Amino acid sequence: MPRAVKGLLIECDPSIKAMIQMYDEERHDYIVEDLDDDRHLVIKESQLENLKARLDQDLDAKIGGLEDSESEGQ
Amino acid sequence: MAASMSRPLEYLESLPGTTFKKLYQQPSTALAIFRRMLPDLAKCFVMAMLYLKDPLPTSDLEKWVRSDSKRQRDNALSILGRLHILSTTLTDNNVRACMVNDPFASSLRQALMGSDDAQSFGVLSQTSNESTITVADLDEYARRQWEGVLGYMVGTSGLGQRDINLSKGVKQLLQAGHLVEIRNHHVDITKDGFGFVLQDVNTQVWHILILYVESAQAIGMDSVEVLSFLFLLSSLELGQSYDKKGMTSVQLRTLTDLADFGIVYQESPDATRFYPTRLATTLTSDSNALSTPASGSLNGPGQPGIPGTGFIIIETNYRLYAYTSSPLQISLISLFTNLKYRFPNLVTGKITRMSVRRAIDKGITADQIISYLLTHAHPQLRKHNAGQATSSSSTMPISVLPPTVTDQIRLWQLERDRLKATPGFLFKDFSSLADYQTPCEYARDIGVLVWKSDRKRMFFVSRHEEVVAFLKSRS
Amino acid sequence: MDTIDASEHYELGTTEIAPSLLTVIIDTNPHAWATIEDALPFSKAVANILVFINAHLACNYANEVAVVASHLQKAAWLYPVSHHSQKPADRDGDVVMNGDSNGPQTSKYRSFRLIEEQVNRSLKDLLDSTSNDDFRSNTSTMLAGSLTLALSNINRRTIAWAEEHGGTKPDEVAGDGGGLATANGSAAVEDDRSLQSRILIVSVSGSSDSAHQYIPMMNSIFACQRLRIPIDVCKLSGDAVFLQQACDATKGVYMSLSEPRGFLQYLMMGFLPDQRSRRHLVLPTRIDVDFRAACFCHRRVVDIGFVCSICLSIFCEPPAGNECLTCGSPLDAGNLGGKTGSSSEKEEEEEEDPPSKWWFGGWDANVGACDSDSRALNIIILDLFNEGWNLH
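Thresholds, definitions, all that
- Chains are numbered independently. Their residues run from 1 in the order of the written sequence.
- Here every chain gets a letter starting at A, and every ligand a number starting at 1, in the order they are written.
- With pLDDT at 70 or above as the cut-off, local features in this predicted model cover only qualifying residues; side-chain atom pairs require 80 or more to be listed or tallied, and sums for whole chains, interfaces and linings still use all residues.
- UniProt positions are given in the numbering used here, feature names are shortened, and annotations may be inferred rather than shown by experiment.
- Helical segments are the DSSP runs of H or I of at least four residues, strand segments are the runs of E of at least two, and each set is numbered from the N terminus.
- Exposure criterion: with C-beta atoms placed from backbone coordinates, a residue whose C-beta has 20 or more other C-beta atoms within 10 Å is buried, one with 12 or fewer is exposed, and one in between is partly exposed.
- Two residues qualify as a contact pair if the distance between their C-beta atoms, derived from the backbone, is within 7 Å.
- By convention the nonpolar core is taken to be a set of buried residues drawn from Ala, Val, Leu, Ile, Met, Phe, Trp, Tyr and Cys and joined through C-beta atoms within 7 Å.
- A pair of strands is considered paired only if DSSP assigns at least 2 bridges between the two.
- Between N-to-C directions, angles cover 0 to 180 degrees, with each direction set by a line fitted to C-alpha atoms, over the stretch in contact for helices.
- These domain boundaries are the output of an automatic or database domain assignment.
- For classification, angles of less than 35 degrees are called roughly parallel, those exceeding 145 degrees roughly antiparallel, those between 65 and 115 degrees roughly perpendicular, and all remaining angles oblique.
- Handedness of a helix crossing follows the sense of rotation of the near helix relative to the far helix, less than a right angle counterclockwise being left-handed and clockwise being right-handed.
- Under the scheme applied here, ten amino acids are nonpolar (Ala, Val, Leu, Ile, Met, Phe, Trp, Tyr, Cys and Pro), four are charged (Asp, Glu, Lys and Arg), and all others, including Gly, are polar.

- For chain B, an unreviewed UniProt entry supplies the name RNA polymerase II transcription factor B subunit 2 and the organism Penicillium chermesinum.
- Per its UniProt entry, chain B bears the Subcellular location (unreviewed entry) comment "Nucleus".
- Turning to chain B, the UniProt record has this under Sequence similarities (unreviewed entry): "Belongs to the TFB2 family."

- The name an unreviewed UniProt entry gives chain A is General transcription and DNA repair factor IIH subunit TFB5, with Penicillium chermesinum as the organism.

Laid out in C-alpha cells, this is it:
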C-alpha cells in the first residue's frame, strides 16, 4: 500500500548533503527519508530555518577567507 | 505572466467551493478570472464548451489536443478544476464528459453577450464633467500614492520626499501583511517587505489587495463581496468616472480604502462618483500591457506618464547608471548596489559580490533583483541589446540585461543559498513498478511532480490532493 | 545545484506574451446571403460574429480586433472607423455616441459595447449607401480589396506595437530575404514576441464570381504567407477555390459549414484559438485542396491550361499571335492545340531553340496528404452538431 509522507524535498550538492547527514547523525532530527542519489533528501519541514542558519554559519567559516579577495576597485 | 499571476491564483485556489459559486455570479468576475488566471489552452477549452448544450465527452477533448501536448492539456484541465470552472460528469450513456460549471458559464456568456442586469460592469457617471480629470492626472495621483506607500515601507520619508498622508488603515494593512514591523515607533521593513518593494507594480497591487481581502473578513466585511468588487474595478475604463449610486456600504468602504493606495480616485470620500486609476484597470491585464504604461508612470518623477520609461543602464562590467532623482528608486537600487556618485538626475554605482550578498541576507532573491533591473531597464539598453542579438542571428532569446551580469547575480546567490527546498509529499512503498508508474506519470502530467526515482519507486509532489484522488479512483 | 552553465542563460523576460490582432472579413454580398436566409439570417450571423469578437477580446486585455466588410462594389472598414473622430487604438474614445445608447446597455463590458455599436452603425451606413444600381450590377464580392485593407492595417499595427514595446521589428518578421522556408524553429520564438495577427474570412459567395480577382487575391495570399499570417476561412455556402488555397498556403483553418445554424459554435471551437494555442490543438484543415487557378486572359477557372515558360502566366487557350499577354515573349504553341486530351503533364519537345514553348499545367483537384488527425476533428464537430448545436 503506497504511503504519502509530508516533508521538504531538498536539492543540493553532494557536499551539502554530506553536511546535512552529518548534522542528522547527532540526534536524527532532520532527515525524513534519505533518497540516496547524493543530491536529494527529504527533511522535516520545521527544520528548514534551523538547517539554513547552521549551514550558513559553517559555510561562512569555511569559505570566509575568500571575502578578502573581493576587489572594489574602480 | 506566471510570476505575477501565481499569487492571486494561489489565493483563489485556497477558497472553498461555495465561495466560487458566489463569486461567479458576477459577469465581471467571471470575465476577469477567465482573462487573468487561465493559460491559453484552458481559455480555448472554456470557449469551445461555453455554448454547447451537452457536456463534451472527455475523449473528444483528448482528440482535439495534439498528442505531444498532453502535458499542457492536463495542466489546463487541472487549473480549470482547481478554480471550479470545469467539472466532469457522466452522461446518460455512461461516457465521461466535461462541462463548464453553471454560475461561471452563464456569467461569462452574459459578459460576452450583454444582459439586462444593470450593474455588472459599473454605471458611468452621467454628470457632465465640469471638473475634468484627465488620464495624466489619474496617473500622477496613482503614482504619488503608490510611491508614498512604498516610500513609507523603505523609510525614505526622511530623505526629502514629500510626505504622503498615509491613512491608518494602510499602515495597519502593511503591518498585518508582515511587510513592515513597528519597533519603538520606528518603521522597520521586513524580509517579505524587501521582496515586495522590488516586485513589479502589478504584483505589488495584487499582493496588497489580497491582504486587504483577508483583513476585510477579519473586520466583518464580506470577503466575497470585496473580491468581486475588485474584479469589477479591474474591468472599468481608465479616464471615465463611475457613479456611486446603488453601491452597497461594503463597496463604498472598499472604495475609500482603495483611494488611499491610489487604486481609485475620488475628489472627496462623499463625492458622488469615482475614477479608477491605471492601477485598477490593469489588474487583469497581462504583465506586459502593464509594465509599460503603469510602471512608466510610476518610475521617475522626471518623466511621468511617458510609456515605457526605464531609467537603469547596466554594463557588462557591473556598473550601473540610474537616471532618476526619486529617493524611493535610489534607496531601492542601493539595496543591492554599492552606490558611488550622485548627480542631480543620475546615480551611479557598481553591483558587487558583497552588495548582492548584503541584499540576499536581507531576504531579497536574485530573481527579484534581476526582474527589478529588467522592469526598469532604459530603452537604450533594450534597443542596443535587441540590435546585437539580431545581428548575430543566434537562436538565443534576446536578453535586455547583459547575460554575464544576470548569471553572476544568480551565482552569487547560489554561493550562499546552497540548497533548494520544496515543500510537498513523498509517495513511497509502492508494491510494484506498474503501481508506481501510473500515478507518477499522472503527477508529471498535471505538473506537480518534483522528483522521482524509478529504482526506489518513490516520487515527490508539490501538491498531493489530486494524486491521492487519482490513487483512490484506481484502487 | 551547480546547474548553471553558459549555454543556458537565465532570462526573465521571455514569459511575456504578445497579444493578438484578429481581422474579420465579413462577406456582405446580399445576393449570397439571400440564399441561406432560412438557415442563418445575416443579422444573426453578425450577432454571432460579435460574440466571437468579444470572446477574442476577452482572452487577453491587449488583444485587438479589426472588421472589414467585403461588399458588392467596395471593401469597407466596419471597425475601427477613422472618419468618426475615433482613432483605431483609442478606446478611451469619448464621445457623442454615448448619448443615445448609454442608458439601457450599461451591463456590458465597455470595450465590447463600443465595438458592437461601431460595427452595427458602420454596417448600417454601408447598406444604406448601397444603391440599387450597385445591387443590380454586381453579384460578387470585393474579397481581394478586403484582404488588402486587412493586410495594410495589420502591417501598421505590427509596426506600431513593435515600436511601443521594443519587440521584434516587423521587417525582421517580414524579412525580404528570409522568406518562407528558413523560418520555423526560431521563428516561432520570435513570433511570440511580436503582435500575432490572423485573418478570418466569413465567406458566402461562390467561387465563380471571384475569378476576376484571381491575381490580386493570390498576391494578398502570398503576402500573408510571407508574413506568416494565417488566413482562416469559414464558408457558409458555396465553395471557393481560391480560399481553400489561401488556407492551405498560410496554414489557416478551413471549415465549410454543413449546418450554418451552429455558426457560433464553429467559430468558438475552430477559429478562436490563436497561433500559440494552435500549436497544441488538432485543427480542422482541408484535406483535399482545390488548387485550380484562374486564367489571366478570360478569368476562367481552369483545370488544365497553358503556362508561359518565361513568366508563368496562365492562359486557358493560346492567346492571339502566340505572344504571352503578360511578358510579351513570343511562344510556340506547337501542335498542342489545347484540346489534346486529359493528361495533365504533357511536354512534347520538338525544337530546343526559341520561340519558347507553352507548358501544360494542371492540378488534380484531389491531391493532398490525408491527415488522420484532422479528419478526426471534422468528425467530432459534425457529431456535436448532429446532436445538439443549440445555443443557450
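### Quick look at the overall build of chain B
For step 1, the next point in the chain: Helix and strand content of chain B: 23 helices and 15 strands.
For step 2, the next point in the chain: Evaluated residue by residue, chain B yields a buried proportion of 45% over its 475 residues.
For step 3, the next point in the chain: Considering only contacts within chain B whose residues lie at least 6 apart along the sequence, 67% involve residues at least 24 apart.

### Regarding unusual backbone geometry
For step 1, the next point in the chain: Looking along the chain, the bond that leaves C:Y79 and enters C:P80 is cis, with omega of -10 degrees.
For step 2, the next point in the chain: Mapped onto the elements, C:P80 comes out in the loop between β3 (75-79) and α3 (98-101).
For step 3, the next point in the chain: For B:Y318, which is not glycine, the phi torsion reads 70 degrees and is therefore positive.
For step 4, the next point in the chain: Mapped onto the elements of the fold, B:Y318 is located in the loop between β9 (312-314) and β10 (319-322).
For step 5, the next point in the chain: One non-glycine residue, C:R228, lies in positive phi territory at about 55 degrees.

### Thoughts on the nonpolar core
For step 1, the next point in the chain: The biggest cluster of nonpolar side chains holds 208 residues, and the ones touching the most others in it are B:M153, B:V264, B:I369, C:I25, C:V68, C:C234 and C:M268.
For step 2, the next point in the chain: Excluding residues that lie within four positions of it along the chain, B:V264 makes contacts with B:L233, B:L255, B:L258, B:A259, B:F274, B:Y275, B:P276, B:T277 and B:A280.
For step 3, the next point in the chain: Counting residues in hydrophobic clusters, the runner-up holds 30 residues, among them A:Y30, B:F425, B:F430 and B:A443.

### Some words on the sheet that holds strand β1 (residues 3-12) of chain A
For step 1, the next point in the chain: On the basis of which strands lie adjacent, the open sheet formed by six strands has the order β2(A)-β3(A)-β1(A)-β13(B)-β15(B)-β14(B) and antiparallel pairing. Because the sheet does not close on itself, it has two edges, and the strands there are β2 (31-34) of chain A together with β14 (449-453) of chain B. For this sheet the average axis-to-axis angle between neighbouring strands, irrespective of direction, equals 35 degrees.

### Some remarks on the domain arrangement of chain B
Residues and elements named next belong to chain B.
For step 1, the next point in the chain: Here chain B is described as being made up of domain 1 (2-113), domain 2 (135-287), domain 3 (310-416) and domain 4 (425-474).
For step 2, the next point in the chain: A C-alpha centroid distance of 30 Å is found between domain 1 and domain 2.
For step 3, the next point in the chain: At the junction of the two partners, domain 1 supplies 15 residues and domain 2 supplies 15 residues.
For step 4, the next point in the chain: Those elements giving two or more residues to the side of domain 1 that touches domain 2 turn out to be α1 (2-13), α2 (17-23) and α3 (27-37).
For step 5, the next point in the chain: With six residues, the single largest contributor to the side of domain 1 that touches domain 2 is α3.

### With respect to the sheet that holds strand β2 (residues 64-70) of chain C
Residue and element names in this part refer to chain C.
For step 1, the next point in the chain: Taking strand neighbours across the sheet as the criterion, the six strands line up as β3-β2-β1-β4-β5-β6 in an open arrangement whose pairing is mixed. Each edge of the open sheet is held by one strand with a lone partner, namely β3 and β6 (254-256). When strand polarity is set aside, the average angle formed by the axes of neighbouring strands in this sheet is 20 degrees.
For step 2, the next point in the chain: Relative to strand β4 (residues 196-203), strand β1 (residues 20-27) runs parallel, the two being bridged by seven bridges. Bridging across to β4, T23 finds its partner in I199.
For step 3, the next point in the chain: The sheet strands contacting helix α12 (residues 263-271) are β4, β5 (231-235) and β6, and the helix crosses β5 at an angle near 155 degrees.

### Some words on the packing of helix α2 (residues 42-59) of chain C against α12(C)
All names here are of chain C.
For step 1, the next point in the chain: Where α2 contacts α12, the two axes come as close as 9 Å, and the packing angle between them is 25 degrees. When the axes of α2 and α12 are compared, the pair comes out roughly parallel. The handedness of the crossing between α2 and α12 is right-handed. Residues A45, N48, V51, F52 and A55 of α2 form the contact with α12, whose participating residues are F263, L264, L267 and M268.
For step 2, the next point in the chain: Classifying every residue of the contact of α2 with α12 gives eight nonpolar, one polar and no charged.

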